[in-house]
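# A closer look at the structure
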Number of protein chains: 2
Amino acid sequence: MAETEPNAPETLSFDGMPPLRTEDGDLDPLFLDAIRAAIEAADARTVEALAADLHEADVGDIIEALSADERVPFIQLLGEHFDFTALTEVDETVRVQLIEELSPEEVAEGVRELDSDDAVYILEDLDDEDQEEILAKLPAVDRMALRRSLDFPEETAGRRMQTDFIAVPPFWTAGQTIDYLRDQKDLPEEFYEVFVIDPGFRFLGAVALNRLLRAPRPTRMADIMNDERQRVLATDDQEDVARMFERYNLVSAAVVDEAERLVGVITVDDVVDVIQAEAEEDIRALAGVGDEEISDSVFYTLRTRWVWLLFNLLTAFLASSVIGMFSGSISKMVALAVLMPIVASMGGNAATQTMTVTVRALATRDLDAHNVWRIFGRELSVGLLNGGSFALIVGLAAALWFQDPLLGGVIGAAMIVNLLSAATAGILIPLAFERLDIDPAVASGVFVTMVTDVVGFLAFLGLASWILLG
Amino acid sequence: MAETEPNAPETLSFDGMPPLRTEDGDLDPLFLDAIRAAIEAADARTVEALAADLHEADVGDIIEALSADERVPFIQLLGEHFDFTALTEVDETVRVQLIEELSPEEVAEGVRELDSDDAVYILEDLDDEDQEEILAKLPAVDRMALRRSLDFPEETAGRRMQTDFIAVPPFWTAGQTIDYLRDQKDLPEEFYEVFVIDPGFRFLGAVALNRLLRAPRPTRMADIMNDERQRVLATDDQEDVARMFERYNLVSAAVVDEAERLVGVITVDDVVDVIQAEAEEDIRALAGVGDEEISDSVFYTLRTRWVWLLFNLLTAFLASSVIGMFSGSISKMVALAVLMPIVASMGGNAATQTMTVTVRALATRDLDAHNVWRIFGRELSVGLLNGGSFALIVGLAAALWFQDPLLGGVIGAAMIVNLLSAATAGILIPLAFERLDIDPAVASGVFVTMVTDVVGFLAFLGLASWILLG
């Protein structure tokens, strides 16, 4: 590779390999070019030299950066050096496409090496047939563990848990436990707690590793375990689990079934992904872009966005029909048509502000019965004050523009009315959807702007018809 | 308390105390009533019985649920049972207000017990004077550690790090390290790794506790440490730190200064807060609501939102002036005024979709030089296909409504033009801001809707004037 870039030795790392990332953390184009060239030449040795020792997250980023037809050859050239964990780090679209292109044998071989939570993550997006084909090729023990996880509903703790964990009886001592850990060969790769269970496998408590290390060897596990028993039910929603981790600053938590039997452990790295995903979901829902990913196709993207735009179109026609009611006034006074979008647009923006705050406060549980009236009062006050000040600005501007003080007064009054309606709709509509168990992030936007469009046009054109042309 | 709710024994927990939370995780109103009554009666014993043993996160939630004038008495009644860590769990507004109302002695007393990262979190929002007053009351060692953290810029790793950590020389054995941990009384409350340093305090590597536990006692630390040396610079932006934790699934990471000396440790619980906060920031920026919190006052809320609305007003006037150019056409054909908001509104919504996807892809580094042209192509295709299908629907509807096929054709053509401009603006404007090092989430919205409003009105009214009235 040094030959291709003889004049740029500072971009080569000490072993003559191009560096993986540029200074600001993106993948280095030189590195990608080297990988691409090696894939093109089917040069397994170079692909290995470049990528075999990388962290799975970096391998995931490389896969995403490659084009669709380079990905499978890349994985096959890496062969046994390819860690399937990397597939948990790529977009769902890319993952599903890859797994469908690889043979079920190759996938089963790779999945076998994975922690159970990662295996479930990879398998859960496949259709039942593909899933079964791969599961059938796994050893019975692994297959049963994965089936059990996959039987839990989507987005529950049962899907995110790792079924490999360490559990000891309460009468064991710290010393005994440490010796056991030293002798045991088949331990999970990472763990942060040792669980304590009774003979019926029921969860009694957890001992963080730092407490285990600090305890004198003869101390009984029962005496150092944290018996607040912060554990999650396998059927708990992953969002509730994330909120618990966040609230209590947890690093891992036991997962139990309905009989309080320990069935798995959930760790903070999975929770970080959930937190990220849930916040992301709200951003997208608010903008009407569904669950699409940057790697999705034109048609998938189109489908999710089209429905939102269709709803928006219906409300736009509703707003138009309000304008239509006043076409007589408009033909008498064209200034009304020129100014009317200002009132509607300001209302729409103010309502989006209130709605966004409301939706997020509902999502993070910061808004509930204790403070809803106070927040409603605040939003109305903000609406009134914003309405008042913008009424003044817009009123003056309109009066000067069209040399008509009365027109300025009318648009000012309509502005106040619409910003108050924006505050009301921005808070009540998300609250109503929350009550009806409909995700307020998805549903609120269309209705809120419908209210501000209709009220905006109605207030401005109505007042104008009555006062200026009445 | 049983007297106030004699008929609801199922809502009392076994020790006669009302339960803290309802089934869906909100604070129980009965519990809050009990706390409030005890505060009112200045009954320290009951406040203690109710709240002294709670997790700091629950105490934080109680503080937020209380009214402003109950908070200080609550903390004072809890006295030495109040863990100041709870203040890291409340909104900034509430925290600053509380600390200003408590005496500097009380705050210094409370801060002294905290981990350094929590202490910094509480102190950093205070003004310099209040900060100094509290720091002056702390022991010299604590004061110096906190000053050093506070000297790092806001939102850097140095501000989030905990300065208490465990570091051993590379020639120590696993057994020696475990014995040291057992003997040492003054260890951090939680830790997940033991760091290895050279005599100059330079960071060499980290040993996860589970590796330490599994290693045979005579193993040297140098042989089991992870020498990939994933560490962060104290001056690194907290967002970059969060991305690193997320990418490599870290639980804790060493923080070093520019000379590679170990100065602290950053743990995943702080990173979870950062991830949550950064996603939140983008949601709010996109909606123009700044950094406000649900507990902020009317005036703070007003100030942040007002500026955004003012920008929006300027773009609305620009759009109005475009309409003004065609007032002649509108007075000849009022249907144009009735239909024109549809074109602008559809463009605005489509642009917001594209913009949101672009802004988030930039934030999560999923969009870069490798795929920008592909994504641009996809967005244009989506714009064209959405434009085409909505052109058909709107064109037909308009033609039927106003019995004018040509008018339908004009609005359909305008729709295609505007959805293409929406796709272009939605991707190019955030990219341009990113290039200029301006946060695309904050700045894009106003400009993107300005483009779709102006293009929407111009295309529709312009085409109509030319074809229908020309």
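Residues numbered from 1 in each chain as written. Chains lettered and ligands numbered in written order. Predicted model: local features only at pLDDT ≥ 70, side-chain atom pairs only at ≥ 80, totals over all residues. Heavy atoms only, no water.

With that settled, the discussion passes to the overall build of chain A. Assigned secondary structure in chain A consists of 21 helices and 6 strands. Computed over the C-alpha atoms, the radius of gyration of chain A is 30 Å, more than 25% above the 23 Å expected from 2.2 N^0.38 for a compact globule of 470 residues. The principal-axis extent of the C-alpha atoms belonging to chain A is close to 90 × 65 × 45 Å. Taken over 470 residues, chain A has a buried fraction of 55%. Within chain A, contacts between residues at least 6 apart in sequence are counted, and of these 65% link residues at least 24 apart. (Helix = DSSP H or I, 4+ residues; strand = E, 2+ residues; numbered from the N terminus. Rg over C-alpha atoms; globule rule 2.2 N^0.38 Å. Buried < 20%, exposed > 50% of the residue type's maximum accessible area, 1.4 Å probe, protein only. Contact = heavy atoms within 4.5 Å.)

Attention now moves to the sheet that holds strand β1 (residues 167–168) of chain B. Residues and elements named next belong to chain B. Taking strand neighbours across the sheet as the criterion, the 3 strands line up as β1-β2-β3 in an open arrangement whose pairing is mixed. At either end of the open sheet lies a strand with only one pairing partner, and these are β1 and β3 (203–208). Where strand β2 (residues 193–197) meets β3, 5 bridges bridge the pair, whose relative direction is antiparallel. Each bridged residue has a counterpart across the sheet, and for valine 194 the counterpart in β3 is valine 207. (Pairing = 2+ DSSP bridges.)

Now for the UniProt feature "transmembrane region" (unreviewed entry) in chain A. Using the residue numbers shown here, the UniProt feature "transmembrane region" (unreviewed entry) corresponds to residues 306–326, 333–352, 380–402, 409–433 and 445–469 of chain A. For residues 445–469 of chain A, helix accounts for 96% and strand for 0%, while the C-alpha atoms at its two ends are 34 Å apart. (UniProt positions renumbered as here; feature names shortened; annotations may be inferred.)

A word on the interface of chain A and chain B. Counting residues at the interface gives 113 residues for chain A, matched by 113 residues for chain B. At the boundary of chain A with chain B, total buried surface from both sides reaches about 10,100 Å², with 64% on carbon and sulfur atoms. In this structure, the connection of chain A to chain B is made through 4 salt bridges. On the surface where chain A and chain B come into contact, there are 28 residue pairs in polar contact (both at pLDDT 80 or more). Within the side of chain A that touches chain B, the residues separate by chemical class into 59 nonpolar, 26 polar and 28 charged. (Buried area = accessible area lost by both parts, 1.4 Å probe. Salt bridge = Lys/Arg side-chain N within 4 Å of Asp/Glu carboxyl O. Polar contact = N/O pair within 3.5 Å; in protein donor to acceptor, adjacent residues only side chain to side chain. Nonpolar A, V, L, I, M, F, W, Y, C, P; charged D, E, K, R; others polar.)

What follows covers the domain arrangement of chain A. Taken domain by domain, chain A comprises domain 1 (9–154), domain 2 (167–272) and domain 3 (298–468). The C-alpha centroid of domain 3 of chain A is placed 48 Å from the C-alpha centroid of domain 1 of chain A. (Domains from an automatic or database assignment.)

With that settled, consider the nonpolar core. Among the nonpolar cores identified, the biggest contains 106 residues, and Ile330 and Phe460 of chain A together with Ile330 and Phe460 of chain B are the most heavily contacted of them. Sequence-distant contacts of phenylalanine 460 of chain B, defined by excluding residues within four places in its chain, comprise Leu336, Leu339, Met340, Val343, Leu407, Val410, Ile411 and Ala414 of chain B. Judged by nonpolar contacts, the second largest core, of 46 residues, contains Phe152 and Met161 of chain A together with Val232 and Ala242 of chain B. (Core = buried A, V, L, I, M, F, W, Y, C linked by side-chain atoms within 4.5 Å.)

Bringing the packing of helix α18 (residues 335–363) of chain A against helix α21 (residues 440–468) of chain A into the picture now. Residues and elements named next belong to chain A. Interhelical geometry of α18 versus α21 gives an angle of 150° and a closest axis separation of 8 Å. It follows that α18 is roughly antiparallel to α21 by the angle criterion. The crossing of α18 and α21 is right-handed. Along the lines of polarity and charge, the residues of the contact of α18 with α21 split into 17 nonpolar, 7 polar and 1 charged. (Axes fitted to C-alpha atoms, helices over the stretch in contact; angles between N-to-C directions. Parallel < 35°, antiparallel > 145°, perpendicular 65-115°, else oblique. Left-handed = near helix turned anticlockwise from the far one by under 90°.)

Both copies of the chain are related by a screw-like operation: a rotation about an axis and a shift along it. Overlay of chain A on chain B (RMSD 0.1 Å): rotation 180°, translation along the axis 0.0 Å. Taken together, these values place the two copies in the relation of a two-fold axis. Most of the interface of chain A is mirrored in chain B: 100% of its interface residues are interface residues there too. (Least-squares fit on C-alpha atoms with pLDDT ≥ 70 in both.)

Tallying each qualifying case throughout the model produces 18 aromatic pairs over all chains. Ring plane angle 70° and centroid distance 6.3 Å describe the contact between phenylalanine 165 of chain A and phenylalanine 195 of chain A, whose orientation is recorded as edge-to-face. Pair noted here: phenylalanine 165 of chain A is in the loop between α10 (157–160) and β1 (167–168) and phenylalanine 195 of chain A is in strand β2 (residues 193–197), with a separation of 30 residues, a long-range link. Phenylalanine 195 of chain A shares its class with phenylalanine 165 of chain A; the two are buried. Pairing tryptophan 306 of chain A with phenylalanine 390 of chain B gives two aromatic rings, centres 5.0 Å apart and planes at 20°, and the pair type is stacked. One end of the pair, tryptophan 306 of chain A, is in helix α16 (residues 298–325); the other, phenylalanine 390 of chain B, is in helix α19 (residues 372–401), on a second chain. With a relative accessible area of 0%, phenylalanine 390 of chain B lands in the buried category. Grouped by ring-pair contacts, the aromatic residues Phe165, Phe195 and Phe203 of chain A constitute a single cluster. (Phe/Tyr/Trp six-rings, centres within 6.5 Å; stacked < 30°, edge-to-face > 60°.)

Attention now goes to the side chain of aspartate 58 of chain A. Tracing the backbone through its elements, the reader meets aspartate 58 of chain A in helix α3 (residues 56–65). Of the residues examined, aspartate 58 of chain A reaches a relative accessible area of 5% and is grouped as buried. In terms of polar contacts, aspartate 58 of chain A uses its side chain to reach the side chain of tyrosine 248 of chain B, at 2.9 Å.

Right, let's talk about the pattern of salt bridges for a bit. Within this structure, the stated rule accounts for 41 salt bridges over all chains. For arginine 243 of chain B, the salt bridge identified is with glutamate 239 of chain B, shortest N-O distance 3.7 Å. With a gap of 4 residues between them, arginine 243 of chain B and glutamate 239 of chain B both fall in helix α14 (residues 238–248), about one helical turn apart. Residue classification places glutamate 239 of chain B among the partly exposed positions, given a relative accessible area of 29%. With a shortest N-O distance of 2.9 Å, aspartate 257 of chain B and arginine 261 of chain B are connected by a salt bridge. Take aspartate 257 of chain B: its relative accessible area is 10%, and that puts it in the buried class. By relative accessible area, which is 37% here, arginine 261 of chain B ends up partly exposed. Beyond isolated ion pairs, a larger network of salt bridges with shared partners links Arg21, Asp58 and Asp61 of chain A together with Arg247 of chain B.

Reading across the sheet, the 3 strands line up as β1-β2-β3 (chain A) and stay open at both edges, with mixed pairing between neighbours. At either end of the open sheet lies a strand with only one pairing partner, and these are β1 and β3 (203–208) of chain A.

All names here are of chain A. For alanine 65, the location among the structural elements is in helix α3. Classification of alanine 65 by relative accessible area gives buried; the value is 15%. Along the sequence, alanine 65 and proline 29 sit 36 residues apart, while their C-alpha atoms lie 9.9 Å from each other.

Where helix α15 (residues 268–287) of chain A meets helix α18 (residues 335–363) of chain B, the closest approach of the two axes is 9 Å, and the angle between their N-to-C directions is 160°. As far as their axial angle goes, α18 of chain B and α15 of chain A are roughly antiparallel. For the pair α15 of chain A and α18 of chain B, the crossing hand works out as right-handed. Facing Gln276, Glu280, Ile283 and Ala287 of chain A of α15 of chain A, the residues of α18 of chain B in contact are Thr352, Gln353, Thr356 and Arg360 of chain B. In terms of residue class, the contact of α15 of chain A with α18 of chain B is made up of 2 nonpolar, 4 polar and 2 charged.

To continue, consider the pairing of β2 of chain A. All names here are of chain A. Most of β2 is tucked away, with 5 of its 5 residues classed as buried. What you see with β2 is no split at all: Glu193, Phe195 and Ile197 on one side and Val194 and Val196 on the other are buried throughout. Regarding the hand of the β-α-β motif, the stretch spanning β1, helix α11 (residues 174–183) and β2 is right-handed. Here β2 folds back onto β3 in antiparallel fashion, the turn holding 5 residues, of which phenylalanine 201 has a positive phi close to 70°. (Right-handed = clockwise from strand over helix to strand, strands pointing away.)

Here helix α5 (residues 92–101) of chain A has its buried residues at Val94, Arg95, Val96, Leu98 and Ile99 of chain A. The elements touched by buried residues of α5 of chain A are α3, α4 (68–78), α6 (104–112), α7 (116–123) and α8 (128–136) of chain A.

The next subject is the side chain of threonine 88 of chain A. Residues and elements named next belong to chain A. Checked against the element boundaries, threonine 88 lands in the loop between α4 and α5. Here threonine 85 takes part through its backbone oxygen, which lies 2.6 Å from a polar atom of the side chain of threonine 88. Other than its neighbours up to four places away in sequence, threonine 88 contacts Arg95, Asp118, Tyr121 and Ile122.

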